[in-house]
Structure formats: structure tokens, C-alpha cells
Amino acid sequence: MRLEAAARMDLIKKLWRARKLILVVLIPLSLLPLPLIHPTSEACCAYVLIVTAVYWVSEAVPLGAAALVPAFLYPLFGVLKSSEVAAEYCKDTTLLLMGVICLAASIEKWNLHKRIALRMVMIAGAKPGMLVLGFMCCTVFLSMWLSNTSTTAMVMPIAEAVLQQLISTGVADTQEDSETVEATEDDCLSDREENLEQNQLERLYRRDSCMKQELCTLTELPTVETNGTGRKASKASLGQLSLKQTNGHLPSTAISITEPKEKESKDSRYPTKRDHMICKCLSLSITYAATIGGLITITGTSTNLIFAEQFNNRYPDAKVINFGTWFIFSFPIAIIMLLLTWVWLHFLFLGCNFRETCSLSKKRKTRREMLSERKIHDEYIKLGPISYPEVVTGVFFILMTLLWFTREPGFVPGWTSLFEKKGYRTDATVSVLLGFLLFLIPARRPFSRAPRTPAGDSAERDPDPMAPMITWKDFQNLMPWEIVILVGGGYALAAGCKVSGLSVWIGRQLEPMSGLPPWMVTLLACLLVSAVTEFASNPATLTVFLPILSALSETLQINPLHTLIPATMCVSFGVMLPVGNPPNAIVFSYGHVQISDMVKAGFGVNLIGVLVVMLAIMTWGVPLFNLTEFPDWAIARNVTGSL
């Protein structure tokens, strides 16, 4: 029996190890009757869509590899030609992403991101509440232009250095956290010596009074003290004990014994529970801020790029989604979410005493906070004066933003009106042009003697005086090719749904929802997407839901932007689990937070995000995108698809 049980356990272990391979094989075989029994274009496209979606959600194969499934299944089933599928894997947004990555590579290579982060934290100060807010602001700003994962990986080591400074100071002095420093450190030392003398005096008095069998208040505590509930109070529950002299030798004084602060267990690496809470709050605030910052720009996250490309492909006559309109809509959302998320995290981990944790007064700073500010200042000094490559990178950063905003602002003619042919220039044109120039501009100042290497770079200086700002290796280290292929797979799926008529068929099945008001449809879409994205990757979730929501909007005669934009933003709110998105996993790896902390804090952030997005789409989103009417570009698409 034991041998049989061991054999069964061994078989189960082998099956468990091979579970991904089994899933990869069984899913296509089990769904194969769908295109065989119903050999229509809709059924074949549905088969490819389901197989790809299952691969994405289960992550049985890498996301980029799963995105290649339409490239060979569509031609095999006769949905699209191979050349037509291949054309979907490289779009305008791919070039846009490549240009942005060139700028991101320059920012990271020359430590401009570190200078920005440290400067903003120096402005905010080391008070716990202001420290968290400062890190959140700089993370949001960086995440607008860099990927969420890169931003979190850049900012988290800086935050960890500050947290370690807090912890190391707390180990040396665990009771100074609630005291204010109004004088020099010598005053603090004298106060400490005075407290020590009072404690020695108390012990001498207690021993003398007990030896003489006089009144000793301390020995009567177990029999006379109650805590107001009919139960005897323990020593730990008493905040202060008053001992009055009655033997005639010492003056009648009251000696107070303050209750010590609550400490963590001996095996904990945190001096006090409050220190642990500060570490949790700051760590989680960075991943949430990276998510919030990614909402602001089209290039902030891959999901924004997926939405923009699929929307422009499905509705080529819309001409309403560009860098400017998206920024105007999403920037207020990010500001409101930033403030509410900060308040929520502060309430959850630091309490409601905002005056104590957010005061900017120098008289209310503790010794630990002063040392932390000194540590941050020292790190900033190590960067040295701003270098020539940092200046060039900053100029390119500002120039790219201005050219994006002024291309087609809408209320005034943009710089594209200077050209004769319209519609040829896009945001990708700007980003690729400036990214290309970074490969040409020398990193050394003209007529300078020696180049300055990035701070912390141990590599030897490049002897080439004409070495460019970035090299192809710098670009290749940051270029997310998996995301590029994943986005291309989403475009291929959307093209197949359009050509085969599957999107029209899905829309007809959703006609019973026509009685619901638009805001209810949008809310249901947001809640559904937010729930699914907690367990599946954000790009995969959005790629699956965009065609469905587009067909639903066309069937219900709702402006597609009314549902697509909120769903695109809510798909980024996978913040409750480490597997929700890579920034969560990065923060979780530092060991300050547990899964229960992420679930508790992430649920509140998720709820805040959905409510703020709904507020935006129902208020300033209405006049910005004209959401009260079913637009002509959607009517033309609906009529064409139904023919």
C-alpha cells in the first residue's frame, strides 16, 4: 500500500511539474470541435481568440510567445492571409514606444531620474507623511514617461536606503521618535542623562521605603487599581504611576514612569511597530504611484498604447485620441487619485494624526528625521553638479513633450498645419526623430577635456570624444520586445474579429443589455476588468476585452469612448496581489509588506480608482469627447460591419 501511495504521489508531482505543457496541448485539442463542427469564419476566429486568451490568462507560455498564436492559426483556418497578419505586428505605436525608450535609456544612463527623485524628496522632508507624499509625487512624474516597472525599479532602491537609515537610527534610539528636537544634539544628551537620574532616584526610593515597611504605592497596585471595567489593571495597562514621599527625608514630589512604546518581537528587523508601518506605507505608495503616473500619458503604460492603436484601427475617422486629449482627461484623475491614495495609506498605516507626520516645521523634527534628511542630502551631493548629458536629456524631454502637445491641440492649429499634406505626422514621428538624434549627439561637451561618467558607474571612461548620448546596447537593455509582440498579437486578434464578423456576432448577443443606462454599462465594464486584471496580465486582459466592449457600445448606440477609456484605465488597477503587475512584485520582494497588506491596501486603491474614473467620464469627459451623442465615425463603422 505504501508503495502504491508513493507511486501515486510521484505521478501527481510529475503531472504538476508538466501542468503548463499539458494545458498547452489540451486546450487547443478540447476546443477543436468548434471550428470543425461549425466551419465558419466566426467560429474559426473564436477558436483562435479563446486559445490565445487562455494562454495569456494562465501564462502557460510566455506572453510574447502566446501573442504569436494568431500569426499561424489565422492563415491555417483561412481567417487572414499571412501577410495581412504580419502587418498587424508592427504599427505606429511600436515606433512611438521605440522613441520613448531611447529617451528613457538616456535618463537612466545619466542618472537624471535619481536626481529628480532625490530633489523632490529633499523638498518634501523626512516627516513620514511628507516623505511618502514626496516619493509618490516623483514616482508619478517619472512613470508618466517611463514604464511602471522601470520607474519602480529605479525609485525603490532610493526609498530602501532612506528606510534603512530610519531603521538603523531607531535601533540606536527607540524612544526619540515621539520627541521633538528644538535645540542641538547636546540638549538631547542632557535630557537623557536627566531621565536616567530620575529613574535611579526612583529605584533608591522604592527600595528604602519598602525596607522601612512604609506606604509603598507600587506594592498595593494589584489590590486597589482597576481599569474602569471591574477588572484589575495590569502594570502594562497603566500609563503613569505617581509615587509621593512621606518619610520626611525627601521633598514631596511625583515621579512619573511613562509607558514604553510598543516594540516589535526580538527576531524582527524593525525597532518598533511604527517603523514597520512606515516601511509598509512607503513601499506600497511607490507601486501605487507608478500605476497612477502611467495613466497620464499615452506612452505611460502598454495598455494605453494598446487602446490607442486598436481604437484608431477600428475607428480611423475618429481623430479624437491623441497625446493632448488623453492628457487633459487623465491628468485630473491622476491628481485626485494621488491625494486620495496618500490619505488612504496614511490612515491605514500611520493613523489620522496628519499634523504630527506632515508638519514642515523644523522645531517638530525628531533626531531620526534630521538624520534621514542628512542621508538624502548626502546622496544628492554624491551626484555632483548637473552634467552636460543630463542637460541634453532634460532638453530633449521637454522638447518631446512640447511637440506632442502642439502637434494637434484642437483649439488652435498645430505645427502639422505648416505642412501641405495632412495626417502624415503623428506622435511617433516626434519620438522617433528625437530618439534617433540621441544616437548622434556626443555625450561630451564641445571643446571639453574629459567626459563625465554617470554617478556610480564603475566602467572605464570611453576614450572616444564623439561617443553618443546612448548606444544601441543601452536601448536594447530597456526595449520591451515582449510587450511589442504582445501588442501586435492584440492588433492581429482585433483584425481577425473585424474581418470574420465575430465582433458583430458578439454585439448581437449583448442586445439584452440595451435597457441599461450608459453609466451602468461603463461601471459594470470597469468592475469586471478590475477583477480579471488581478489574476491576469494587464495587456492580455485589455486585449481580450476591447473588441467585446467596442461591439457592445455599437450595439447599445453608446459612444465607444464612454466604455473603452474607463476600461483601459481600470485595467491598470491590478494592485491587490504581487502577481497583479510587475511593480507589485518588485515592492513585495523587498520584504516589508505581506500579501494581506497588499490586499487590504490595494482594495481601497482599486475602489478609489474606479470611483474617480467614473467621476471623470461623467463630468469633464462628456464635453471633452462629446459623449452624449453616438458619433458619426461609430455609425459608419457599425453600418460597415453589419453589411
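Within every chain, residues take consecutive numbers counted from 1 along the sequence as written. Per-residue local features are limited, in this predicted model, to residues with pLDDT of at least 70; the limit for side-chain atom pairs, both in listing and counting, is 80 or more; totals at the level of whole chains, interfaces and linings are taken over all residues. Just so you know, side-chain values use all the structure's heavy atoms and leave hydrogens and water out.

Participant: Go over the overall build of the chain, please, and point to the residues and values.
Facilitator: Looking only at helices and strands, the chain has 30 helices and zero strands in total. Only heavy atoms enter the contact rule, under which two residues are in contact if any of them lie within 4.5 Å. Across the chain, contacts joining residues at least 24 apart in sequence account for 78% of those joining residues at least 6 apart. Summed over all atoms, the accessible surface of the chain reaches about 32,100 Å², with 63% contributed by carbon and sulfur. Only DSSP runs of H or I covering at least 4 residues are called helices, and only runs of E covering at least 2 are called strands; the numbering of each starts at the N terminus. Note on areas: these come from Shrake-Rupley sampling with a 1.4 Å probe, and a residue is covered only by the protein chains present in the view.

Participant: Explain the nonpolar core to me, and be specific about the residues and the numbers.
Facilitator: Counting residues in hydrophobic clusters, the biggest one holds 121 residues, and the most contacted among them are Phe135, Phe307, Phe311, Ile321 and Leu561. It is helix H16 (residues 323-350) that contributes the most residues to this core, 12 residues altogether. Ignoring anything within four residues of it in the chain, the contact list for phenylalanine 307 reads Ile321, Trp326, Leu542, Leu546, Leu561, Leu564, Ile565 and Thr568. Counting 29 residues, the second largest nonpolar core, distinct from the first, contains Val79, Tyr89, Cys497 and Leu502. Side-chain atoms within 4.5 Å link the members of a nonpolar core, which is a set of buried Ala, Val, Leu, Ile, Met, Phe, Trp, Tyr and Cys residues. Accessible area is worked out with a 1.4 Å probe on protein chains only. A residue is then buried under 20% of its type maximum, exposed over 50%, and partly exposed in between.

Participant: Residue-level account of a nonpolar patch on the surface, with values.
Facilitator: Candidate patch residues must exceed 30% relative accessible area and have no salt bridge, after which like charges are joined if within 9 Å and Val, Leu, Ile, Met, Phe, Trp or Tyr side chains if within 5 Å. Salt bridge criterion: a side-chain nitrogen from Lys or Arg within 4 Å of a carboxyl oxygen from Asp or Glu. Together, Leu11, Leu15, Ile22 and Leu26 line one region of the surface with nonpolar side chains, adding up to about 350 Å² of accessible area. Elements with a contribution of two residues or more to the nonpolar patch: helix H1 (2-17) and helix H2 (19-31). Locating leucine 26 in the fold gives a position in helix H2.

Participant: Explain the pattern of salt bridges to me, and be specific about the residues and the numbers.
Facilitator: Scanning the model with the defined rule gives five salt bridges in all. For arginine 115, the salt bridge identified is with glutamate 390, shortest N-O distance 2.7 Å. Of the two residues, arginine 115 sits in helix H9 (residues 112-124) while glutamate 390 sits in helix H19 (residues 388-407), which places them 275 residues apart along the sequence. In this structure arginine 115 comes out as buried when scored by relative accessible area, which is 8%.

Participant: Could you give an account of the side chain of serine 550, naming the residues involved and the relevant values?
Facilitator: Mapped onto the fold, serine 550 is located in helix H25 (residues 538-555). Residues adjacent in sequence count toward polar contacts only when both atoms are side-chain atoms; beyond that, a polar contact is any pair of N or O atoms within 3.5 Å, and within protein one must be able to donate a hydrogen and the other to accept it. From its side chain, serine 550 meets the backbone oxygen of leucine 546 in a polar contact 2.9 Å long.

Participant: Let's hear about the packing of aromatic side chains: which residues, and what values?
Facilitator: Two aromatic rings, drawn from Phe, Tyr or Trp (for Trp, its six-membered ring), form a pair once their centres lie within 6.5 Å of each other, and the interplanar angle then sorts them: stacked below 30 degrees, edge-to-face above 60, tilted otherwise. Scanning the model with the defined rule gives 15 aromatic pairs in all. When the ring of phenylalanine 311 is compared with that of tyrosine 315, the centres are 5.2 Å apart and the planes differ by 50 degrees; the resulting orientation is tilted. Accessibility classification places phenylalanine 311 together with tyrosine 315 in one group, the buried group. The interplanar angle of 75 degrees and the centroid separation of 6.3 Å between the aromatic rings of tryptophan 415 and phenylalanine 419 together place this pair among those described as edge-to-face. Classification of phenylalanine 419 by relative accessible area gives partly exposed; the value is 39%. Taken together through their ring pairs, the aromatic side chains of Phe307, Phe311, Tyr315, Trp326 and Trp633 make up a single cluster.

Participant: Before we move on, could you go through the packing of H16 against helix H26 (residues 560-570) and cite the residues and values that matter?
Facilitator: What describes two packed helices is the angle between their axes and the distance between those same axes. Running from N to C, H16 and H26 cross one another at 50 degrees; their axes reach a closest spacing of 13 Å. Taken together, H16 and H26 sit at an angle that is classed as oblique. Of the two possible hands of crossing, H16 and H26 adopt the one that is right-handed. Contact residues: Trp326, Phe329, Ser330 and Ile333 in H16; Ile565, Thr568 and Met569 in H26. Gly falls in the polar group here, along with every residue not listed as nonpolar (Ala, Val, Leu, Ile, Met, Phe, Trp, Tyr, Cys, Pro) or charged (Asp, Glu, Lys, Arg). Here the contact of H16 with H26 is built from residues that sort into five nonpolar, two polar and no charged. Under this scheme, a helix contributes an axis fitted over its contacting stretch, all axes are lines through C-alpha atoms, and angles between N-to-C directions fall in the 0 to 180 degree range. An angle counts as roughly parallel when it lies under 35 degrees, as roughly antiparallel when it exceeds 145, as roughly perpendicular when it falls between 65 and 115, and as oblique in every other case. Here a crossing is taken to be left-handed if its near helix is turned anticlockwise relative to the far helix by less than a right angle, and right-handed if that turn runs clockwise.

Participant: Tell me about the environment of threonine 555, and please be specific about residues and values.
Facilitator: Looking at the secondary structure, you find threonine 555 in helix H25. For the pair threonine 555 and valine 504, spaced 51 residues apart in sequence, the C-alpha to C-alpha distance is 8.5 Å.

Participant: Pulling in residues and values, what's your account of the environment of glycine 574?
Facilitator: By the element assignment, glycine 574 lies in the loop between H26 and helix H27 (582-589). With 31 residues separating them along the chain, glycine 574 and valine 605 place their C-alpha atoms 9.7 Å apart.

Participant: Residue-level account of the environment of threonine 568, with values.
Facilitator: Following the sequence through the fold, threonine 568 ends up in helix H26. If we skip the residues at most four places from it in the chain, threonine 568 touches Thr303, Asn304, Phe307, Trp326, Leu542 and Leu546. Among the polar contacts listed, one links the side chain of threonine 568 to the backbone oxygen of leucine 564, at a separation of 2.7 Å.

Participant: Give me the lowdown on unusual backbone geometry, citing residues and values where you can.
Facilitator: Look at glutamine 557: it is not a glycine, yet its phi comes out positive at around 60 degrees. With a phi close to 55 degrees, asparagine 626 is a non-glycine residue in the positive phi region. Inspection of the secondary structure puts asparagine 626 in the loop between helix H29 (621-625) and helix H30 (632-642).

Participant: I'd love a proper account of the side chain of asparagine 304, names of residues and values included.
Facilitator: Relative to the elements of secondary structure, asparagine 304 occurs in helix H15 (residues 302-314). By relative accessible area, asparagine 304 is classed as buried at 0%. If we skip the residues at most four places from it in the chain, asparagine 304 touches Gly294, Leu295, Thr297, Ile298, Trp326 and Thr568.

Participant: An account of H19 is requested, with residue identities and associated values reported.
Facilitator: Across its 20 residues, H19 extends 28 Å between first and last C-alpha, which sits within 8% of the 28 Å expected from 1.5 Å per residue. Those residues of H19 lying buried are Pro389, Glu390, Val392, Thr393, Gly394, Phe396, Phe397, Met400, Thr401, Trp404 and Arg407. Expected helix span is taken as 1.5 Å per residue step, with the number of steps being one fewer than the number of residues.

Participant: Just give me the short version of the confidence of the model for the chain, but keep the residues and values in it.
Facilitator: For every residue, the pLDDT score states the predictor's confidence, bounded by 0 at the bottom and 100 at the top. Chain-level statistics for the chain give a pLDDT mean of 74 and a share of 74% at 70 or above. The secondary-structure element of the chain with the lowest mean pLDDT is helix H13 (residues 217-224), recorded at 38, while H26 shows the highest, at 91. Note on residues 171-194: pLDDT is under 50 here. Beyond four places in sequence and across chains, it has 32 contacts. Predicted confidence is poor over residues 456-460, with pLDDT under 50, and the contacts of this stretch with residues over four places away or in other chains come to zero contacts.

Participant: Help me get a handle on the state of the cysteines, residues and values and all.
Facilitator: Note that a disulfide, as used here, is simply two cysteine sulfur atoms within 2.5 Å. By the definition in use, this model includes zero disulfides. Cysteine cysteine 44 remains unbridged, with the sulfur of cysteine 45 as its closest cysteine sulfur at 8.7 Å.

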